[in-house]
Amino acid sequence: MVKQRKMYPDKTVRFYVLATLLSAASCTATRFVQKGDKLYTGADITVTTSDAAVDKRNVKKTAKQSLRPRPNHAFLWMRPRLWLYYRAGDSTGTRFGAWIRNTLGEPPVVMSSVKPDKTAAQIDTDLFNIGYFRSATSYSLTEQEKTARVSYECEVHSPYTISKITHSLSDSLLQQIIDSSKTHSLLKVGDVYTLEAAKKERERIDALLKDRGYFYFNPDYLLFKAYVGEDTPTVNLDLSMKDATPARAFIPCRIGTVYVDPGYSLRRDTSRATNDTSIVDGVVFLRASKIHRKVILGSIFIRTNDLYSRTRHSVSLNRLMTMGSYNYAEIKYFPSDTSHPGVLNAHVLLTPMARRLFGSELVLVHKSNDFAGPELTVGYQERNIFGGAELFKIDLNGSLETQFSGIYKNRYSFKVNPTTKLEMPRLIIPFIRQPSGYFIPKTAISLGYSFIKRIDFFDLQSLQAAFGYTWKEDIRKEHTLNPLNVNFSSISNASVRFNGLLDSIPFLKRSYEEQFIAGTKYSFTYNERMIPERKNRLYVNITTESSGNALWLTDKIVTKINDSPENQHGIAGFDYSQFVRATVDARYYFTFPDNNKLVFRLYCGIGKAYGNSSTLPYTRQFFSGGTSGVRAFPVTTLGPGTYVHDGSSYIELGGDVKVEANVEYRWNVISIVKGAIFVDAGNNWLLQPVSSIDSRPFALNRFYRELGVGAGIGLRLDASFFVVRCDLAMPLRKPWLNENERWVLTAIDFGRYGWRRDNLIVNIAIGYPF
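All residue numbers refer to position in the chain's written sequence, counted from 1. Thresholds applied to this predicted model are a pLDDT of at least 70 for local features of residues and 80 or more for the giving and counting of side-chain atom pairs; totals over whole chains, interfaces and linings are not thresholded and use all residues. Side-chain measures here rest on the full set of heavy atoms in the structure, leaving out hydrogens and waters.

A. Representation of the overall build of the chain in the model. Secondary structure elements are taken from DSSP: a helix is a run of H or I of four residues or more, a strand is a run of E of two residues or more, and numbering for both begins at the N terminus. The helix and strand tally for the chain stands at 13 helices and 29 strands. Split into buried and exposed, the 770 residues of the chain put 44% on the buried side. Two residues qualify as a contact provided that any one of their heavy atoms is within 4.5 Å of a heavy atom in the partner residue. Within the chain, counting contacts between residues at least 6 apart in sequence, those at least 24 apart form 64% of the total. For the chain, the accessible area works out to roughly 40,900 Å², and carbon and sulfur atoms hold 57% of it. Under the scheme applied here, a residue whose accessible area is under 20% of the maximum for its type counts as buried, over 50% as exposed, and between as partly exposed, the area being computed with a 1.4 Å probe on protein chains only. The Shrake-Rupley method, run with a 1.4 Å probe, gives the accessible areas here. Residue values count only the displayed protein chains as cover.

Following this line, the structure appears as structure tokens:
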């Protein structure tokens, strides 16, 4: 999409700029503070010490977190939210004015609300909790006519380190269990004492005991007593039990009867047994289940006479929820009716999802290459179709689009794409025992057909089929293996114009030839974004694919035809593709204290055709540009290498290698509105020179000189479950220009309509780019 703006006269532009600056200057809003008070603008922290062991950076960070209250948000010298608060207050008689004031505005933080003495005391307390037992914080005020700041000075001495750790528990069995896990303790001799480490050690011990049957134990029953050294900054820690610990906390519990209610409802009483009560493998089912009972039991690891284990409890719950058949799952424990105090009955409560679901979605798609049109998706889902918690899906997708600019303006294209998929919550592999880990593995079978008609050009038909497995090692690591991945595509009804284009570019012609892809695909994903307590997170996806090797071997055995470039051969009359392909997508999300983020991304991909193929199939080539790539260039218009596109984006030319790097800073504007600034760089290349394409192949010693570079700003509406994104980008470097003219910074001219038309690219999309 190319954005157009009206060009204003120079005097008008200068007037608006001046007016904007004057308005921004008035946003300081200090004139609204009541007489006799001052606007609090924040605090400064200074750390003084004579001890080299002091970690000044950590001390300052801790002291900063203790500061209260927070000053008004500021942007440069302005405080727009404070200004809005007072300006909207002038129109509080209207609902809109009240909404602006309460939602976008921010009341003033004045000096009379700041208690520097209490804040200084809180800083000393927080420093004590990270091992600085001897600290003294003082403060002073810096006052201007309408504003005031506070300066805190923290005088600290060496932090106290742990010199000895002992356990003095009243229960010998607990003492034995805890002593046996000393090597896993989070408290180590020589470490600086911190209250947080002591709390986490109590939680670790609690988790250990919970897996040994101590259902009623609580970490608050544990007490660390600290004995401070008289002459040295050291501390001895002794772990004991609180006197008020209840007797049942010392009793290891076993499981009595296990009950499963597969039709539990929060809206009605379903706790009583029905006539459909049955017992399977010692587990009591309170009612009939649409999912086979054996399938349910395969995800429940709680059995009669077992010691209570929180790990088995958590694994059972997680597997039941990831089965994909239940809205709600919970396991409750109640004392058994027996006289023994250490017996618990387990009640597994399951609320099933709706078995059938219909859905439809109509959207208007507008791509960065100026293609636009409606897209309709209609879907049907049925759960538990064979009684084994399967999920069967049928989707029908149709779209119509046209290009509004370029040499193929007003050329239409439509697409019809029915797909079906069956997911089963288990591994369908003969003679393989089902894994009993935290996550349920899944087997998927999919089949799809696609028909694309580009008016006056060609019809493209393709058939896709896949069979594969997905499993997770833990919450961060996921594997996907498709041992069978088939794709057959064929061009028909090619027009004279389209054939002329292909004849002029033989490489492109080979890309559009009838292709039969049959191979395997493997993907590994490492994702720390699923760990909420991790501040900075890493994401890495590695995908490899190979095609044609099994067919080549079959072809050699059956036909006994020598493999040579002059004699392509196939299976059942179809030419098959032979290639290998690999991609790496790495991202790092750095989070600032104010929850703003700096995101780095590096994408690299390479594919190599060989044997029965001279080029990668069209669907396996690499393309650059678009809403999630180098956003300053419309999709598929960047590359390969220094190749110059005609501007239509109707005929797409890809490459064998792709390198892309992105940096994006994301900040919170207000409520669900987020802002972003970004820089993208990348391109794709061919591995071998092609006479009909004016571009050199990929080379390590020069590829960086052929990168396209763009930058821009973005606005996002982030409602957590739904993100709408609009990015405005412009090119900074165009790789198809002469090498000494590729940087186009000096050509930037926002005031000229022609420049804006040719260089400002608007990308509208759903979700974040990465």
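B. View of the packing of aromatic side chains. Pairing of aromatic rings covers Phe, Tyr and the six-membered ring of Trp, with a centre-to-centre limit of 6.5 Å; geometry is then stacked below 30 degrees between planes, edge-to-face above 60, and tilted otherwise. Throughout the structure, instances matching the rule amount to 27 aromatic pairs. With a centroid separation of 5.9 Å and 85° between ring planes, the pair formed by W685 and F703 is classed as edge-to-face. Linking W685 in strand β26 (residues 673-685) with F703 in the loop between β26 and β27 (708-718), this pair joins segments that are 18 residues apart in sequence. Its relative accessible area of 0% is what places W685 among the buried residues. Judged by centre distance (6.1 Å) and plane angle (85°), the ring pair of F703 and Y704 falls under edge-to-face. Classification of F703 by relative accessible area gives buried; the value is 18%. The rings of F128, F133, Y160 and Y193 are connected pair by pair, giving a single aromatic cluster. Over a ring means this: the NZ of a Lys or the CZ of an Arg is within 6 Å of the ring centre and within 35 degrees of the ring normal. In this arrangement the basic side chain of R293 is found over the ring face of F285, its NZ or CZ atom lying 5.6 Å from the centre. The ring of Y589 is capped by R529, whose NZ or CZ atom sits 4.2 Å from the centre of that ring.

C. Structural detail: the pattern of salt bridges. Salt bridges are counted wherever a side-chain nitrogen of Lys or Arg sits within 4 Å of a carboxyl oxygen of Asp or Glu. One pass over the structure, following the stated rule, counts 31 salt bridges. In this structure, R601 engages D585 in a salt bridge whose closest nitrogen and oxygen atoms are separated by 3.4 Å. With a gap of 16 residues between them, R601 in strand β24 (residues 597-609) and D585 in strand β23 (residues 579-591) connect regions that are remote in the sequence. Take R601 and D585: they sit in the same class, and that class is buried. R725 is the partner of D727 in a salt bridge, and the nearest nitrogen-oxygen pair spans 2.8 Å. Comparing D727 with R725 shows no difference in burial state: the two are buried. What emerges from the salt-bridge pattern is a single network uniting R631, E664, R666, D680, R716, R725 and D727.

D. Fine view of helix α2 (residues 56-65). Of the residues making up α2, those classed as buried are V59, T62 and A63. Down the axis, α2 shows its buried residues gathered within 100° of arc, on one side only. Opposite the buried face of α2, by more than 90 degrees, sit the exposed residues R57 and K64. Its buried side turned inward, α2 meets β1 (39-48), α5 (116-128) and β3 (147-156). Taken from the helix axis, the directions to the C-beta atoms give the arc we talk about.

E. View of empty space enclosed by the protein. Points on a 1 Å grid, built from protein atoms alone, make a cavity when a 1.4 Å probe fits but cannot get out and make a pocket when they are open with protein on both sides within 12 Å along at least 5 of 7 lines; residues with an atom within 4 Å of a point are the lining residues. Grid points are joined across faces, edges and corners, and a volume is the space filled by probe spheres set on the points. Taken as a whole and judged by the stated rule, the model has one cavity of 30 Å³ or more. The calculated volume of the largest cavity comes to roughly 30 Å³. Lining the largest cavity are I255, F301, I302, L307, Y308, S309, R312 and Y333. Among the residues making up the lining of the largest cavity, the classes are represented as six nonpolar, one polar and one charged. Residue type decides the class: Asp, Glu, Lys and Arg count as charged, Ala, Val, Leu, Ile, Met, Phe, Trp, Tyr, Cys and Pro as nonpolar, and the leftover types, Gly among them, as polar.

F. Representation of the confidence of the model for the chain in the model. The predictor rates its confidence in each residue with pLDDT, a number between 0 and 100. Per-residue confidence for the chain averages 86 on the pLDDT scale, and 89% of its residues sit at or above 70. Note that pLDDT drops below 50 for residues 1-22; the model gives that stretch 27 contacts with residues more than four away or on any other chain.

G. Representation of the side chain of S450. Inspection of the secondary structure assignment puts S450 in strand β16 (residues 442-454). Beyond its immediate chain neighbours, meaning those up to four positions away, S450 contacts K415, V416, N417, L460, Q461, S462 and Q464.

H. Local environment of the environment of Y85. Inspection of the secondary structure puts Y85 in helix α3 (residues 80-89). Assessed through its relative accessible area of 16%, Y85 is described here as buried. Between the C-alpha atom of Y85 and that of R101, which follows or precedes it by 16 residues, the distance is 4.8 Å.

I. Inspection of a nonpolar patch on the surface at higher detail. Residues L362, L376, V378, L396, L400, Y412, F414 and V416 make up a contiguous nonpolar surface patch of roughly 690 Å² in combined accessible area. Looking at the nonpolar patch, the elements that each hand over two or more residues are β13 (371-383), β14 (391-403) and β15 (412-424). Looking at which element gives the most residues to the nonpolar patch, the answer is β15, with three residues. Mapping L362 onto the fold places it in strand β12 (residues 356-366). Residue classification places L362 among the exposed residues on the basis of a relative accessible area of 64%. A patch consists of residues exposed above 30% relative accessible area that lack any salt bridge, with like charges linked at up to 9 Å and nonpolar side chains (Val, Leu, Ile, Met, Phe, Trp, Tyr) linked at up to 5 Å.

J. Region of the structure containing the sheet that holds strand β2 (residues 135-143). At least two bridges found by DSSP between two strands is the condition for calling them paired. A sheet is described by the order of its strands in space; here three strands give the open sequence β1-β3-β2, paired in mixed fashion. Single-partner strands in this sheet number two, and they are β1 and β2. The sheet shows a mean angle of 20° between the axes of neighbouring strands, direction not considered. Note: β1 against β3, eight bridges, orientation parallel. Counterpart to A43 in the pairing with β3 is V150. Interaxial angles span 0 to 180 degrees and are taken between N-to-C directions of axes, which are lines fitted to C-alpha atoms, for helices over the stretch in contact.

K. Inspection of the pairing of β23 at higher detail. Burial along β23 is one-sided: F579, R581, T583, D585, R587, Y589 and T591 are buried, while V580, A582, V584, A586, Y588 and F590, pointing the other way, are not. Pairing of strand β20 (residues 537-547) with β23, which is carried by 11 bridges, proceeds in the antiparallel orientation. Bridged to T543 within β23 is T583. Here 13 bridges tie β23 to β24, and the two strands are oriented antiparallel to one another. Of the residues in β24, the one forming a bridge with V584 is C604. Following β23, the chain reverses through five residues before pairing antiparallel with β24; N595 in that reversal takes a positive phi of roughly 75°.

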